[in-house]
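This is what each chain is made of:
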Amino acid sequence: MRFELTDEQRMIKSAAAELAQGFEEEYWIEKSRGNEYPREFYDELVKNGWIGIAIPEEYGGGGMGMLEMVLGMVEFGNQGADVGLMFVLTPVFGGLSVLKHGSEQQKEELLPKIANGDMRFCFGITEPDAGSNALKTTTTAGKRGDNYVINGKKTLISGIDLAQKMLVVTRTMPYDPKHKVAGITLFLVDVDSPGIDTSELDVGLSLLEKQYEVFFDDVEVPAENMLGEEHRGLIPLFDTLNPERMTGASNGVGFANFAINKAVEYAKMRQVFDVPIGSHQGIQFPLADSRAKIDAVELLLYKAAYLYDKGMPCGREANTAKYLASEFGFEAVDRAVQTMGGYGLTEEAGLMRVWKNIRLIKTAPVTNQLVLAYIGQHVLGMPKSY
Amino acid sequence: MVDIIVCVKRVPDTSEAEVIIKDDKRAIKDADLTFDINEWDNYAIEEAILKKEALGGKVTVIGVGGEEVNEVLRRCLAKGADEAIRLTDPAFDGSDGYAIAKILSAAIKDLQYDFVFTGAQAGDDSYGVTGQMLAEILGIPHATMVTKVDINNGTARIRRELEGGLEEVDEINKPAVFCIQTGLNEPRYVSIMGIRKVSKKEIPVKAAADIGISADEVGEVGSMVKLEEFSIPPAGELAEMIEGTPDEAAGKLAAILKEKGAF
Ligand SMILES: Cc1cc2nc3c(=O)[nH]c(=O)nc-3n(C[C@H](O)[C@H](O)[C@H](O)COP(=O)(O)OP(=O)(O)OC[C@H]3O[C@@H](n4cnc5c(N)ncnc54)[C@H](O)[C@@H]3O)c2cc1C
């Protein structure tokens, strides 16, 4: 068992830190306050190869793995850069899905564009009546000649305004309680296809990517835009879940580190009675407790990514990391806010945007209850709870 | 075509860290500090790469120190430098700016180059002398506080920052040493593609004997500055905030300065 990073991995971390430090904290606070997309930062991510980091070199990517993506993401988060959705949407739902399940033609066409920033992705699974239970998807794709025609509605779709393609989860066979998993099919859909309409949702977080309702009205998609096989879309879908969980966990660990560091600095300096508040156990121990928890999660996260890159089972580690990173991470950020007193609740202190956004990781892309259901059933071998 | 050598130093980032002096008073505790390329050198390497990209040629980076310096050298390679050399020897320990200049010159004199770039100073000891001394030892001209470099047919037209906001423009023929000031370009970030390219690249190492320098010319014995001890300046008296409109504040300030004998 080796815990030290390679030279390459150390460089990844320092490159991420340097890039993040090129953007002042004020930049993120302003963007989050104005609900404005941090384009300048995203452009630098693309230009410096981060979006294509896990795409093989033959398709124009960096040829690295999930471990490197995760190391970079954690470091971005450590510096307060909000990269959670940036990595899950295009590199994971776009890049990894196509890489693992795309046809050779799809890979040749899409991967280089993903790596060079020309093609961004959004992901459409959630529907008003199908969230945690994706099998209940009612968006349909019916065959018409060489095309499929999609009809239905998705909700809470992040970043369709920034994307060129959407990975859409549809049903090509009606829901059959006896064969629930059959009949799901994935499509790579151009977001400007005729028949797609969107309407912005008001989500009370200061997220950088906006959320939309997306309506499909007879949207024609060529059959070659199917990802994976017809009716068997659950296979590519489930395959991206582990990396998706790891990106969520990375975001949580990074933000928690950022918040803990900020709170510690403040606690060492701020004097309320005659000594710095950091010398009171009531302030110090919760932060120490969070430090211990996040250190443990960070290790588990790297293990999950390591296993994924080796092609080994990693569902247990990925799910546990996402669960603990969001629970302990939220707790850590909340404690950091508490450490900073009333100032902690101002935007200027820099924690409110983090506090709101880390809350999201408990719910999306998958809720923590569903993660526990996975651990109960697949790790502990207990009866299916739903 | 232009061949440029850039000398880079690895320094601790003390901008926000708490600096603690070791018991022997001759060093600071660095176990908890993060290290990186000296800020001035980061501009120097960027300038060299920009020149190479525009004119063709080669950029070589040189660092002095143990294996930990490789990280800084690799970063330069990842950004676009072509070669790196690490100079290391137990005898080099404790070298001041002068001894470092001797070490660098010993390595550089055998290399092919048109120009040498150094940072104008290092963020840790802030001596700001190494580049000039290096030029003297090599017997070639130098310019300090360089804020612009244009190279044309082996002649460099450079701009220097002077006191009081003045600037000076000079033309200097190759070979020459330029001590680069911050802010003359926008250093690029290290990219994933760059990292991929260099992570397995071996960085050649040269010891004192390899560059033909003897142990008594370097390290503490070969230095002109003897470091006695570090100390942290005592915190000053409470600062006085001058309030009022700009006119009133200026008046009060003038009165204070007069009282203290400033004019
Ligand atoms: C800001 C934001 C961005 C999002 N972006 C996207 C996006 O880009 N694309 C996309 O497709 N979706 C997106 N979503 C949707 C998100 O993935 C879903 O909200 C999430 O999967 C939960 O689904 P739901 O909202 O339908 O909740 P429901 O499935 O209705 O669940 C409600 C509650 O019941 C619990 N629950 C349900 N079943 C069980 C059970 N068996 N046992 C225990 N508890 C259970 C859930 O955990 C949850 O707490 C986004 C959501 C948000 C808030």
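Further up the page is the structure itself.
Residues numbered from 1 in each chain as written. Chains lettered and ligands numbered in written order. Predicted model: local features only at pLDDT ≥ 70, side-chain atom pairs only at ≥ 80, totals over all residues. Heavy atoms only, no water.

## A look at the interface of chain A and chain B
At the junction of the two partners, chain A supplies 21 residues and chain B supplies 17 residues. Note on chain A versus chain B: buried area summed over both sides is about 1,700 Å², and carbon and sulfur give 58% of it. A per-residue breakdown of the area chain A buries against chain B is headed by Met11, Glu18 and Asn48 of chain A, which together make up 37% of the total. Taken together, chain A and chain B are joined by five salt bridges. Residue Arg75 of chain B pairs with Glu18 of chain A through a salt bridge whose shortest N-O separation is 3.0 Å. At the surface where chain A touches chain B, the tally comes to five residue pairs in polar contact (both at pLDDT 80 or more). Breaking the side of chain A that touches chain B down by element, the ones donating at least two residues are helix H1 (7-21) and helix H3 (39-47) of chain A. The dominant element in the side of chain A that touches chain B, judged by the number of residues it contributes, is H1 of chain A, at nine residues. (Contact = heavy atoms within 4.5 Å. Buried area = accessible area lost by both parts, 1.4 Å probe. Salt bridge = Lys/Arg side-chain N within 4 Å of Asp/Glu carboxyl O. Polar contact = N/O pair within 3.5 Å; in protein donor to acceptor, adjacent residues only side chain to side chain. Helix = DSSP H or I, 4+ residues; strand = E, 2+ residues; numbered from the N terminus.)

## Some words on the packing of helix H3 (residues 97-108) of chain B against helix H4 (residues 130-138) of chain B
Residues and elements named next belong to chain B. The geometry of H3 relative to H4 is characterised by a closest axis approach of 8 Å and an angle of 50° between their N-to-C directions. The angle between the axes of H3 and H4 places the two elements in the oblique class. The chirality of how H3 crosses H4 is right-handed. Residues Gly97, Tyr98, Ile100, Ala101, Lys102, Leu104, Ser105 and Ile108 of H3 lie in contact with H4, whose contacting residues are Thr130, Met133, Leu134, Ile137 and Leu138. Across the contact of H3 with H4, the residue classes break down as nine nonpolar, three polar and one charged. (Axes fitted to C-alpha atoms, helices over the stretch in contact; angles between N-to-C directions. Parallel < 35°, antiparallel > 145°, perpendicular 65-115°, else oblique. Left-handed = near helix turned anticlockwise from the far one by under 90°. Nonpolar A, V, L, I, M, F, W, Y, C, P; charged D, E, K, R; others polar.)

## A few points about the site of the ligand
All names here are of chain A. Around the ligand sit 19 residues in total, of which Thr126, Ser132, Leu156, Ser158 and Thr367 are the nearest. Thr126 is positioned such that a nitrogen or oxygen atom in its side chain is 2.6 Å from a nitrogen atom of the ligand. Side-chain polar atom of Ser158 to a nitrogen atom of the ligand: 2.8 Å apart, as the coordinates give it. Within the complex, the protein chains bury 68% of what would otherwise be the 970 Å² of accessible surface of the ligand. For the shell around the ligand, the elements supplying multiple residues, two or more each, are strand E1 (121-124), strand E3 (147-158) and helix H11 (368-379). It is E3 that contributes the most residues to the shell around the ligand, three residues altogether. (Near = heavy atom within 4 Å. Areas by Shrake-Rupley, 256 points an atom, 1.4 Å probe, with all protein chains shown as cover.)

## Some thoughts on H3 of chain A
Along an α-helix, residues three or four positions apart point the same way, because every turn accommodates 3.6 residues. Residues and elements named next belong to chain A. Along H3, the positions that sit buried rather than exposed are Phe41, Tyr42, Glu44, Leu45 and Val46. Here the buried face of H3 lies against H1, helix H2 (25-33), helix H4 (66-78), helix H5 (84-101) and helix H6 (104-115). Gly49 sits one or two positions beyond H3 and adopts a positive phi of about 85°. (Buried < 20%, exposed > 50% of the residue type's maximum accessible area, 1.4 Å probe, protein only.)

## Focus on the packing of H3 of chain A against H5 of chain A
Between two packed helices, both the angle of their axes relative to each other and the distance between the axes serve to describe the pair. Residues and elements named next belong to chain A. Following both chains from N to C, one finds H3 and H5 inclined at 45°, their axes separated by 12 Å at the closest point. Taken together, the axes of H3 and H5 lie oblique to each other. Our pair here, H3 against H5, has a crossing hand that is right-handed. On the side of H3, the interface is formed by Phe41, Tyr42 and Leu45, while H5 contributes Met86, Phe87 and Thr90. The residue makeup of the contact of H3 with H5, split by class, is five nonpolar, one polar and no charged.

## A closer look at the sheet that holds strand E4 (residues 57-64) of chain B
The strands that make up a sheet pair up through hydrogen bonds in the backbone, lying either parallel or antiparallel. Residue and element names in this part refer to chain B. Taking strand neighbours across the sheet as the criterion, the nine strands line up as E9-E8-E7-E10-E6-E1-E4-E5-E11 in an open arrangement whose pairing is mixed. Edge strands, defined here as strands with exactly one partner in the open sheet, are strand E9 (167-173) and strand E11 (205-206). Here strand E7 (residues 142-152) runs beside strand E8 (residues 155-161); their pairing, made up of six bridges, is antiparallel. Considered in E8, the bridge of Asn152 is made with Thr155. Across the sheet, H4 touches strand E1 (2-8), strand E6 (115-119), E7 and strand E10 (176-180), and the angle it forms with E10 is around 180°. (Pairing = 2+ DSSP bridges.)

## Here's the deal with the packing of aromatic side chains
All names here are of chain A. Under the criterion given, the structure shown has 14 aromatic pairs over all chains. With 3.8 Å between their ring centres and 20° between their planes, Phe93 and Phe123 make a pair best called stacked. Highlighted residues: Phe93 in helix H5 and Phe123 in strand E1, separated in sequence by 30 residues. Like Phe93, the residue Phe123 is buried in the burial classification. Relative to Tyr343, the ring of Tyr266 lies with its centre 6.0 Å away and its plane at 20°, an arrangement referred to as stacked. One end of the pair, Tyr266, is in helix H7 (residues 234-269); the other, Tyr343, is in the loop between helix H9 (315-339) and helix H10 (352-360), and 77 residues separate them in sequence. The class of Tyr266 is buried, set by a relative accessible area of 13%. An aromatic cluster is present here, built from Phe23, Tyr27, Trp28, Phe41, Trp50, Phe76 and Phe87 joined pairwise through their rings. (Phe/Tyr/Trp six-rings, centres within 6.5 Å; stacked < 30°, edge-to-face > 60°.)

## Quick word on the nonpolar core
Phe41, Trp50 and Phe76 of chain A together with Phe178 of chain B are the most contacted members of the largest nonpolar core, which has 119 residues in total. Per-element accounting of this core gives the leading share, 10 residues, to H5 of chain A. With residues near it in sequence (within four places) discarded, Phe76 of chain A still touches Ala16, Leu19, Ala20, Phe41, Leu45, Trp50, Ala81, Val83 and Phe87 of chain A. Among the nonpolar cores identified, the runner-up in size contains 23 residues, and Ala106, Tyr113, Ile140 and Ile211 of chain B belong to it. (Core = buried A, V, L, I, M, F, W, Y, C linked by side-chain atoms within 4.5 Å.)

## Quick look at the pattern of salt bridges
Pairing between side chains of opposite charge can happen when the charged atoms of each approach one another. Applying the stated rule across the entire model yields 44 salt bridges over all chains. Of the charged contacts, one joins Lys303 of chain A and Glu317 of chain A as a salt bridge, the two residues approaching to 4.0 Å between their closest N and O atoms. Here the residue Lys303 of chain A occupies a position in helix H8 (residues 281-309), and Glu317 of chain A occupies one in helix H9, the gap between them amounting to 14 residues. Taking relative accessible area as the criterion, Lys303 of chain A reaches 43% and is therefore assigned partly exposed. Taken together, the shared-partner salt bridges connect Asp7 and Arg10 of chain A together with Glu71 and Arg74 of chain B into one network.

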